[in-house]
Amino acid sequence: FLVHGRDPGHGLFVKEAQDAGSTLGIQIQPLAVTSHEEIEGAFPAIVRERTGGLVIQPIFVSSHGFRIADLAAKNRLPTIICTRLQTQLYGLPE
């Protein structure tokens, strides 16, 4: 779960995702990043951990969405973006 570390609301977003994951029997591993460089550095770890998918916090998509979508596609990592418009904008399957 990729969250923007400088967003004061990211803690609540992570808690809600972890609560939902617990209900579904899915482990949610948040990864807070704040810059383009941290995003680039996060993907090798995400792939190494054999992550089953990636959820992106909405606040962060506007500034780094294209790069995240590109890295997710190159690493064949299923990715969830919160709105249909964002999904279409970044070329991800619905």
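Residues numbered from 1 in each chain as written. Predicted model: local features only at pLDDT ≥ 70, side-chain atom pairs only at ≥ 80, totals over all residues. Heavy atoms only, no water.

## Overview of the pattern of salt bridges
Next, step 1: Scanning all chains against the criterion turns up 4 salt bridges.
Next, step 2: Note that Asp 19 is salt-bridged to Lys 15, the shortest N-O span being 2.7 Å. Placement of the pair is Asp 19 and Lys 15 together in helix 1 (residues 10-24), with a separation of 4 residues, close to one helical turn.
Next, step 3: On the accessibility criterion, Asp 19 (41% relative accessible area) is partly exposed.
Next, step 4: One salt bridge in this structure joins Lys 74 and Asp 70, with 3.3 Å as the shortest N-O distance. Residue Lys 74 and its partner Asp 70 are located together in helix 3 (residues 58-74), separated by 4 residues, close to a single helical turn.
Next, step 5: Accessibility expressed as a relative area gives 60% for Lys 74, which makes it exposed.
Next, step 6: Assessed through its relative accessible area of 27%, Asp 70 is described here as partly exposed.
Next, step 7: When salt bridges with common partners are traced through the structure, they connect Glu 40, Arg 67, Asp 70 and Lys 74 into a single cluster. (Salt bridge = Lys/Arg side-chain N within 4 Å of Asp/Glu carboxyl O. Helix = DSSP H or I, 4+ residues; strand = E, 2+ residues; numbered from the N terminus. Buried < 20%, exposed > 50% of the residue type's maximum accessible area, 1.4 Å probe, protein only.)

## Describing helix 2 (residues 36-48)
Next, step 1: Ile 39, Ala 42, Phe 43 and Ile 46 are the residues of helix 2 that are buried.
Next, step 2: Note on helix 2: the residue one or two positions beyond its end, Arg 50, has a positive phi of about 55 degrees.

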